[in-house]
Amino acid sequence: MKTNLKWTKLRRFNRSEEAKEETFQKIQNRLREPNTSSRKKSFWQPVVTIVALCILVILVTSEFLNSDGSQKRAFLEEGTPIDHLALERGTDEQEWLLERYTDETLEIRHQEQIDEFTELAAGEHSIVDHDIDSDFQVLITKTNEEKNLLNFEFQREVTYVSVSGESEVYQLSHEVGDRLLSWYSFWPSMTITEVEFSPFEGDDQSTWVEGEEEESIIIEDEEWLERFQDLVEKDLPERVDERLSRERFFMSLGYQERDGGNLSFNLDIREDDVLISTDVNQQRGETFRYDSEMKELFDEILEASTP
Amino acid sequence: MEDFERVYRTESDRIYSYIRMLVKDETLAEDLTQDTFVKAFQGQSHFRHESQTTTWLIRIARNVTIDYLRKRKPFLLFSLETGIHLESKEHVERSVVADEEAQELYKKISKLKRSYREVVMLRKIHELSIAETADTLEWSEAKVKMTLKRALEKLQVNYGSEEVFQDENKS
């Protein structure tokens, strides 16, 4: 077994003594700052207090004058320790996810994704007068095993959510919906083992050329798969209403954790971006726009796969 | 303050290198090194000496760096995964070490995804124990072992047959 002595050489990079010294001086200056400010504190404190009170009065008055009776509250407190999320679409049955998971239940367990969800959803949101029409549920399981069931309704500009068993409906940014729907579309918690895509023929969505005229492109290259996996897990795509062009592809994703559990999409590699649509068979679906990273990846794949 | 200066003199190169490998930017790495030592100084009363000073500083450096990158939304996750220098395609990083082989290793590690990069940095370069690595990354020890194994396999693939990467430090 060979030991790589190079490892420890990466402990210390090239760094000039000047840069090191300059950083130390800055640290010293910053550490001295609190003393300086405390000396000035006695003079500035009353001024700051008066200004702050004035701003507060203005804000309260403004809020009062503009008040439309809306309230704000948090349905998920910031810093709530979450073990995992479970997502399921297609049922409006109350308490569904509390009762049982199904084969279609997607679990989000990656800490980065849980953090992102928390960042988008936690904290105060406006309570609005809206009858929620939900077929998308998220079950939050906290680290103390306490569970919260949320019912989501997604609109283009806004996301509505209510906590199961409670009457309040909260209004959130559309990003929450975009994020949840993109996760639900691409199953980010599972490992993509194969991407296959084939050109469409014509604009008839029910047919695509399978074999003789144009071969399918099957991607099993680990680096490409990892890059694709990273993009669908981490990139927040924009949900759009755009139509895919006639030059689009049919794309199928295979997953390690689900035998035969491929997901199908339409894929349009455009000049500056990529559209991926879940609307394969003219049924209800979502179209996501990915930016240049995805575009670069598919350009590379196409270039390498074209004889 | 004298003690603090001594710690800075002995540890700052290492902390700088750790941060720079995460952010791949010389100037930003200096700034975040500065933030790390300011936070360390301010929080030194909480340091219980249960871990080594280096491990404690690396933990602060990691939090400082990730906090910084998270605040840079909308580049958040992209940045965390690949290093912020990729926001600018023109950015070409200067050589980080004089040794050519080590520079090559750096380049290959830089191409790994963040979880692989982090576990390699902590276990192989900074030689933290599995427990210390798990604690720093807030992972289970099993995840540290598995991720390191995969990261080394990936490095091995990138190197071809010329090198052998194995997790020889089992502790």
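Bear in mind the structure is a predicted one, so any value in this text is a computation, not a measurement.

Reading the values: rules and limits
Residues numbered from 1 in each chain as written. Chains lettered and ligands numbered in written order. Predicted model: local features only at pLDDT ≥ 70, side-chain atom pairs only at ≥ 80, totals over all residues. Helix = DSSP H or I, 4+ residues; strand = E, 2+ residues; numbered from the N terminus. Contact = placed C-beta atoms within 7 Å. Core = buried A, V, L, I, M, F, W, Y, C linked by C-beta atoms within 7 Å. Buried ≥ 20, exposed ≤ 12 C-beta atoms within 10 Å, placed from the backbone. Domains from an automatic or database assignment. Nonpolar A, V, L, I, M, F, W, Y, C, P; charged D, E, K, R; others polar. Pairing = 2+ DSSP bridges. Axes fitted to C-alpha atoms, helices over the stretch in contact; angles between N-to-C directions. pLDDT = per-residue confidence, 0-100. Parallel < 35°, antiparallel > 145°, perpendicular 65-115°, else oblique. Left-handed = near helix turned anticlockwise from the far one by under 90°.

## Description of the overall build of chain B
Working step 1: On a plain count of helices and strands, chain B comes out with 8 helices and 0 strands.
Working step 2: Helices and strands appear in chain B in the N-to-C order α-α-α-α-α-α-α-α.
Working step 3: For chain B, contacts bridging at least 24 residues in sequence account for 54% of all contacts bridging at least 6.

## Some remarks on the overall build of chain A
Working step 1: Across its full length, chain A carries 7 helices and 15 strands.
Working step 2: Counting contacts in chain A only where the partners sit at least 6 residues apart, residues at least 24 apart contribute 60% of the total.

## A word on the nonpolar core
Working step 1: A:Val138, A:Leu180, A:Met251, A:Leu267 and A:Val274 are the most contacted members of the largest nonpolar core, which has 48 residues in total.
Working step 2: Ranked by residue count, the leading element in this core is helix α5 (residues 174-186) of chain A, at 5 residues.
Working step 3: Both domain 1 (73-183) and domain 2 (190-305) of chain A contribute no fewer than three residues apiece to this core.
Working step 4: Apart from residues no more than four positions distant in its own chain, A:Leu267 is found in contact with A:Phe197, A:Arg248, A:Phe249, A:Met251, A:Val274 and A:Ile276.
Working step 5: B:Ile15, B:Tyr16, B:Leu152 and B:Leu155 belong to the second-largest nonpolar core, a separate cluster that totals 40 residues.

## Topic: the interface of chain B and chain A
Working step 1: Each partner contributes residues to the interface: chain B has 32 residues there, and chain A has 26 residues.
Working step 2: Residue assignment for the side of chain B that touches chain A shows that the elements contributing at least two residues are α1 (2-23), α2 (26-42), α4 (76-82), α5 (100-110) and α6 (114-125) of chain B.
Working step 3: The element best represented in the side of chain B that touches chain A is α1(B), accounting for 7 residues.
Working step 4: Taken together, the residues that form the side of chain B that touches chain A break down as 15 nonpolar, 7 polar and 10 charged.

## Here we look at the sheet that holds strand β4 (residues 124-128) of chain A
Residue and element names in this part refer to chain A.
Working step 1: Read across the open sheet, the 8 strands follow the order β1-β4-β8-β7-β6-β5-β2-β3; overall the sheet is antiparallel. Each edge of the open sheet is held by one strand with a lone partner, namely β1 (71-74) and β3 (106-108). Direction aside, the axes of adjacent strands within the sheet are offset by 35° on average.
Working step 2: Pairing of β1 with β4, which is carried by 4 bridges, proceeds in the antiparallel orientation. Paired with Ala74 across the bridge in β4 is Glu124.
Working step 3: Contacting β2 (82-89), β3 and β8 (169-173), helix α4 (residues 111-121) crosses the sheet at an angle of about 80° to β2.

## Description of the confidence of the model for chain B
Residue and element names in this part refer to chain B.
Working step 1: The share of residues in chain B with pLDDT of 70 or more is 75%, and the mean pLDDT across the chain is 76.
Working step 2: Summarising per-element confidence for chain B, the mean pLDDT is lowest in α4 (37) and highest in α2 (91).
Working step 3: Across residues 73-92, confidence stays below pLDDT 50; counting only partners more than four residues off in sequence or on other chains, it has 28 contacts.
Working step 4: Scored as a complex, the prediction yields pTM 0.48 and ipTM 0.79.

## Section: the packing of α6(B) against helix α7 (residues 130-137) of chain B
What describes two packed helices is the angle between their axes and the distance between those same axes.
Residues and elements named next belong to chain B.
Working step 1: With their axes 10 Å apart at the nearest point, α6 and α7 run at an angle of 140° to one another. As summarised for this structure, α6 and α7 are arranged oblique, according to the angle between their axes. When the axes of α6 and α7 are compared, the crossing they make is right-handed. Contacts between α6 and α7 involve Glu118, Val119, Leu122 and Arg123 from the former and Thr133, Thr136 and Leu137 from the latter.
Working step 2: For the contact of α6 with α7, the class distribution of residues is 3 nonpolar, 2 polar and 2 charged.

## Concerning the environment of B:Trp56
All names here are of chain B.
Working step 1: With respect to the helices, strands and loops of the structure, Trp56 is situated in helix α3 (residues 53-71).
Working step 2: Assessed through the 21 C-beta atoms surrounding it within 10 Å, Trp56 is described here as buried.
Working step 3: A sequence separation of 12 residues divides Trp56 from Gln44, and the C-alpha atoms of the two residues are 9.9 Å apart.
Working step 4: When residues no more than four places from it in sequence are discounted, the contact partners of Trp56 are Phe47 and Ser51.

## With respect to the pairing of β8(A)
Residue and element names in this part refer to chain A.
Working step 1: In this sheet, β8 lies alongside β4 in antiparallel orientation, the contact comprising 3 bridges. Residue pairing in the sheet places Ser126 in a bridge with Gln171 of β8.
Working step 2: Examined bridge by bridge, strand β7 (residues 158-163) and β8 share 5 bridges and lie antiparallel to one another. For Ser162, the partnering residue across the bridge sits in β8 and is Val169.
Working step 3: If you look at the hairpin formed by β7 and β8, you'll find 5 residues sitting between the two strands, and Gly165 has a positive phi there, around 90°.

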